[in-house]
Amino acid sequence: MLSLILPTYNEAENLPELLPAIEKVLKGVDHEIIVVDDDSPDKTWEVAQEMAQDQGDLHVLRRIGRRGLSSAVIEGFLAAKGDVLAVMDADGQHDMDILPKIYAAVQKSSGLAVGSRYTKGGSVGEWDERRYLMSRVATKMALALCAVKISDPMSGFFAIDRKTFEEVMPRLNPKGFKILLDLLVHVPEKTKATEIPFTFSSRIHGESKLSAKVQIEFLEYLYDVSIGKYIPLMFVKYCLVGAVGVVIHVSAFLLISNALKHGADITFQGFSFSVIGATEVAIIFNFWLNNIWTFSRERLHGVHMLIGFLKFNGACLFGALANYAVSAFLFSNGTAQLLAVVIGAFTGVIWNYTMNRLFTWRA
Ligand code: GDD
Ligand code: MN
């Protein structure tokens, strides 16, 4: 049996055209269709539910509070009954006429069968130069990581046999759009992958959801499955924030100490006050950027953000004390002001990371 997953987000206009056409193509093929909708604002789920009333093989999975093409497909596969699991975009861009071929290919040799734009006979259709180039570059980068190499690892149109899917499922990374790539990265090398050419056409209605955010998620994914195995992305991001924080810290120090200067000199009290003030400015900046970027998955909002900020301050207190102690010690021992501040700030960053990983943004 073929289980066809249609992931949807704002495809209410497309389903009434698409579903009857699919039924025609799959006539005589034992199949079910599962629409996985992420609670679309245009009520795609409602349209699908209504159609399911008189179409026995149509099922609807409405996900609340979750977003993402890959995770929607994985959830659809998990709810499916078939021995062959397929996915196709619900906007008419994928040529449904090759569905029976894709199904037959998986039935014949297991593994994967992919609707391919880059294999002989396939095409991306009417893409502009920019999108074409982006897709080619992304494909080249992605291929380096694949255990099984094909010409179009970024296709959103493919089928896989149940056994192969169930084996790799626990290792999948459901962030973003690249579900096929993720499968190709994780399946055993000997897995068979057949490519079936098709021409990528234009959307019937609506617009693409492949946003800049999805593109960044793709780059993060490439990092995660390569270097990220050894150095977690979160740590790298934290260090980057910390590094920018040092620049903020030093700038704030220069501003405050300049204001407190008498002529060319600054008193020890003035210097200490400047270090403490600059540290708090850096703490506020670091909290803000870590909250929206480094720990975006555990991002704190409203009251939780306030509590988080207090925790962050608390956790940073030791870091700030270490920072102050180191800077003051170096300064009073004759080290140049700026050097004393930079070394102190780095000491603080290391403390911050350890404490906040443990207390503020716990997974
Ligand atoms: N449930 C759910 N949740 N579905 C989604 C989401 C989501 O967050 N985002 C997109 N979809 C659905 C869309 O409604 C559509 O049916 C399908 O997934 C593809 O989304 P598009 O927004 O149309 O993607 P695209 O046409 O720009 O990208 C296509 O080509 C890429 C390669 O160039 C897709 O086939 C991608 O999978 C493919 O990587
Ligand atoms: Mn599309």
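Scroll up to find the structure this text is about.
Basis of the calculations
- Residues numbered from 1 in each chain as written.
- Chains lettered and ligands numbered in written order.
- Predicted model: local features only at pLDDT ≥ 70, side-chain atom pairs only at ≥ 80, totals over all residues.
- Heavy atoms only, no water.
- Helix = DSSP H or I, 4+ residues; strand = E, 2+ residues; numbered from the N terminus.
- Buried < 20%, exposed > 50% of the residue type's maximum accessible area, 1.4 Å probe, protein only.
- Polar contact = N/O pair within 3.5 Å; in protein donor to acceptor, adjacent residues only side chain to side chain.
- 1 Å grid on protein atoms, 1.4 Å probe; cavity = no way out; pocket = protein on both sides within 12 Å on 5 of 7 lines; lining within 4 Å.
- Points joined across faces, edges and corners; volume = space filled by probe spheres on them.
- Nonpolar A, V, L, I, M, F, W, Y, C, P; charged D, E, K, R; others polar.
- Donors = N, O, S within 2.8 Å, 3.2 Å for Na, K, Ca; no water.
- Pairing = 2+ DSSP bridges.
- Axes fitted to C-alpha atoms, helices over the stretch in contact; angles between N-to-C directions.
- Arc of directions from axis to C-beta.
- Contact = heavy atoms within 4.5 Å.
- Parallel < 35°, antiparallel > 145°, perpendicular 65-115°, else oblique.
- Left-handed = near helix turned anticlockwise from the far one by under 90°.

(A) Seen up close, the environment of Arg62. Tracing the chain through its elements places Arg62 in strand E3 (residues 58-62). For Arg62, a relative accessible area of 36% puts it in the partly exposed group. Linking Arg62 and Asp128, residues 66 residues apart in sequence, is a C-alpha distance of 34 Å. Within the structure, the side chain of Arg62 is placed 2.8 Å from the side chain of Asp39, a separation counted as a polar contact.

(B) Representation of empty space enclosed by the protein in the model. Throughout the structure, instances matching the rule amount to two cavities of 30 Å³ or more. If you add up the space inside the largest cavity, you get close to 130 Å³. Among the secondary structure elements, those contributing two or more residues to the lining of the largest cavity are helix H9 (233-260), helix H10 (268-294), helix H11 (302-332) and helix H12 (337-359). Counted by class, the lining of the largest cavity contains seven nonpolar, nine polar and no charged residues. Reported here for the second largest cavity is a volume of approximately 30 Å³. Taken together, Pro7, Leu69, Val73, Val87, Asp89, Gly156 and Ile179 form the lining of the second largest cavity. Among the residues making up the lining of the second largest cavity, the classes are represented as five nonpolar, one polar and one charged.

(C) Layout of the environment of Ser226. As for its position among the elements, Ser226 is in the loop between helix H8 (212-224) and H9. Considered as a pair, Ser226 and Leu145 are 81 residues apart in the sequence and their alpha carbons are 7.5 Å apart.

(D) Fine view of the coordination of the manganese ion (ligand 2). For the manganese ion (ligand 2), the protein coordination sphere consists of Asp91 (OD) and Gln93 (OE1), at 2.0 Å. Accessibility assignment for this pair places Asp91 and Gln93 in one class, buried.

(E) How the structure looks around the sheet that holds strand E1 (residues 2-8). Taken in spatial order, the seven strands line up as E3-E2-E1-E4-E6-E5-E7 in an open sheet, and their pairing is mixed. Strand pairing shows two members of the sheet lacking a second neighbour, E3 and strand E7 (193-197), which therefore form its edges. Taking the axes of each pair of neighbouring strands and ignoring which way they run, one obtains an average angle of 20 degrees across the sheet. Of the pairings in the sheet, the one linking strand E5 (residues 112-116) to E7 comprises five bridges and is parallel in character. Its bridge partner lying in E7, Gly115 is registered against Ile196.

(F) Geometry of helix H1 (residues 15-25). By the burial criterion, the buried members of H1 are Leu15, Leu18, Leu19, Ile22 and Val25. Taken end-on, H1 shows its buried residues confined to a sector of 125 degrees, consistent with a single buried face. Lining the buried residues of H1 we find E1, strand E2 (31-37), helix H2 (44-53), E3 and helix H4 (99-109).

(G) Summary view of the packing of H11 against H12. The interhelical angle for the contact between H11 and H12, taken along N-to-C directions, is 155 degrees, at an axis separation of 7 Å. Regarding the angle of H11 to H12, the classification is roughly antiparallel. Pair H11 / H12 crosses with right-handed handedness. Of the residues that constitute the contact of H11 with H12, the class distribution is 15 nonpolar, nine polar and one charged.

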